[in-house]
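Here is how the chains run, residue by residue.
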2 protein chains.
Amino acid sequence: MGTTQLEKVPEPKYWHLKTVLMDALDSEFEVGEILPNERELASRFGVARATLRQALEQLELEGRLQRRRGVGTTVAPPRVGVFVGPTSGSWPGAADDAWLTVGCVEAAAPAAVAHMLGTGADEPVHTVRRIRSMGGQSVATELLYVPGASVPGLPSDLTPTDHVPAVLRELHTLGLDGEDRAVELGSARAEDAKQLDRLPGAPVLVVTTRYVSGGRVTAVAVATYRADTCRLTFGDSGAMEITHQGQERHAAAS
Amino acid sequence: MGTTQLEKVPEPKYWHLKTVLMDALDSEFEVGEILPNERELASRFGVARATLRQALEQLELEGRLQRRRGVGTTVAPPRVGVFVGPTSGSWPGAADDAWLTVGCVEAAAPAAVAHMLGTGADEPVHTVRRIRSMGGQSVATELLYVPGASVPGLPSDLTPTDHVPAVLRELHTLGLDGEDRAVELGSARAEDAKQLDRLPGAPVLVVTTRYVSGGRVTAVAVATYRADTCRLTFGDSGAMEITHQGQERHAAAS
DNA sequence: GAGTGGTCTAGACCACCTC
DNA sequence: AGGTGGTCTAGACCACTCG
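Residues numbered from 1 in each chain as written. Chains lettered and ligands numbered in written order. Predicted model: local features only at pLDDT ≥ 70, side-chain atom pairs only at ≥ 80, totals over all residues. Heavy atoms only, no water.

Caption draft 1: Representation of the sheet that holds strand S10 (residues 230–234) of chain A. Here we have eight strands laid out as an open sheet, ordered S3(A)-S10(A)-S7(B)-S8(B)-S9(B)-S6(B)-S5(B)-S4(B), and mixed in their pairing. In this open sheet, the two edge strands, each paired with only one partner strand, are strand S3 (80–85) of chain A together with strand S4 (99–108) of chain B. Geometrically, the sheet is characterised by an average inter-axis angle of 25 degrees between neighbouring strands, direction not taken into account. In terms of strand pairing, S3(A) meets S10(A) through five bridges, oriented parallel. (Pairing = 2+ DSSP bridges. Helix = DSSP H or I, 4+ residues; strand = E, 2+ residues; numbered from the N terminus. Axes fitted to C-alpha atoms, helices over the stretch in contact; angles between N-to-C directions.)

Caption draft 2: The pattern of salt bridges, seen in detail. Within this structure, the stated rule accounts for 40 salt bridges over all chains. Two residues, Arg49(B) and Glu38(B), come together in a salt bridge whose shortest N-O distance is 3.0 Å. With Arg49(B) in helix H3 (residues 49–61) and Glu38(B) in helix H2 (residues 38–45), the pair connects residues that are 11 residues apart, well separated along the chain. For Glu38(B), a relative accessible area of 11% puts it in the buried group. What you see here is one network of salt bridges that share partners, running through Glu38(A), Arg49(A), Arg53(A), Glu57(A), Glu60(A), Arg67(A), Arg198(A), Arg226(A) and Asp228(A). (Salt bridge = Lys/Arg side-chain N within 4 Å of Asp/Glu carboxyl O. Buried < 20%, exposed > 50% of the residue type's maximum accessible area, 1.4 Å probe, protein only.)

Caption draft 3: Quick look at the domain arrangement of chain A. Residue and element names in this part refer to chain A. Splitting chain A by domain gives domain 1 (6–75) and domain 2 (82–243). When each unit is reduced to the centre of its C-alpha atoms, the spacing between domain 1 and domain 2 is 36 Å. Taken together, the contact pairs seven residues of domain 1 with six residues of domain 2. In total, about 460 Å² of surface goes out of reach between domain 1 and domain 2, with carbon and sulfur atoms giving 41% of it. Put simply, domain 1 and domain 2 have two salt bridges between them. Counting across the domain 1 and domain 2 interface gives one residue pair in polar contact (both at pLDDT 80 or more). Listed by contribution, the elements that provide at least two residues to the side of domain 1 that touches domain 2 are helix H3 (49–61) and strand S1 (65–68). Top element by residues in the side of domain 1 that touches domain 2 is S1. It accounts for three residues. Residue composition of the side of domain 1 that touches domain 2, by class: one nonpolar, two polar and four charged. (Domains from an automatic or database assignment. Contact = heavy atoms within 4.5 Å. Buried area = accessible area lost by both parts, 1.4 Å probe. Polar contact = N/O pair within 3.5 Å; in protein donor to acceptor, adjacent residues only side chain to side chain. Nonpolar A, V, L, I, M, F, W, Y, C, P; charged D, E, K, R; others polar.)

Okay, structure coming up:
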């Protein structure tokens, strides 16, 4: 008797809290507006701050909120669509490239990358760090790995300034047979996090691109996109004429 | 004097804990092995259980651990690569399709989907739920939305058993101009979570596919992949001959 | 029933930003 | 200096799985 509902599974507080906040965001808040602080919200909903934070964390994960230490929690704009590929037959560093080179070192690649390139685990490769921005803020960082064997024509005496353009120029002299990509979830390493203006451990979408030339993988790019603000788009023949803009809210995030 | 390190930024405990655990996973544990329980681990490392859990959460997000209530925490196998596209010129439900239909309803699509389809917000559309499995476990669920206007030849009197095949058969009679996709991070809704054997709110990769035919978007699929166990792969011309297997550990996930 | 991970609490202190 | 979110603690109870 008396049981008003026959819910087999009692909904966790933070889950219910999340839906309540989502509705409030849709109806009562504008993009960019700042929310009351966490202590205030927690007491207003009658829960502990940790519980409230669990709800906020999920909303941030879904791109609905943006939280910044020392500042506050604001309503996030819709995720921006960033075009990832395929860009048939164009090497990184082409004229229409969306990336900006910010540095370059010659170092051993991570084991997984070395394996894809077929190089030795400790063999130094050209490593170019690049950044991709949209609308004034950085959305991704990338490490592009090019083994020396892929650019045999490269002069040996290069100033750091000349280094990157030279490597890319050598790449462009090669035919590009194709590229393939993999997308997975990761958490931002300290260095990436700093360049993306996020805390270490923030959720990111990791895009690994293999560039194939002459039947071999000649370069590998590992790009790290902010998962909270980005929606990765993959275009295809025929479909591109229809723009993908104006999509205000996505179906399956929550 | 006594400061052994000159770290400007004191590393959070859970962050350090995570790296320690990662090293331990690499060197001292086998895939599938179960770890000591959380209370045990917390006291062993001299931290509160909540702090330990913060580290475990990140490792699970990165696909290194698998936690199951009532069972324990186990070392996860490497993520499986699931091919997503492009599958040029093939509608969902083709013979080589990786999906299994599990249900079908006729209901109003979410606002974002209705917008992409160009249908009214409350207009019912055919909604097919499908599941994708790999290696015996479900890795994704999908909702395929097909507005009635896209399949005008569909008979009106259909038993539920005949419904799905009929809808897909009608689709296949149309030419497919192309498809494009978007990938973003989301959290599993209750229904999806259940079919993926995860808890609600688990991180998922949401793949939205638009099928274009005759200059119009004739169908939209929203697929929800387990982010912890999946790596989405996008193939391309020329590159496919090189297999992408045997990649034991990925570079940028932490 | 025993043991596991999941949720929740009520505090405390810290790092960061802005005024 | 004061306010924000980020980290951390030491508990408690619940939901689930399994023998």
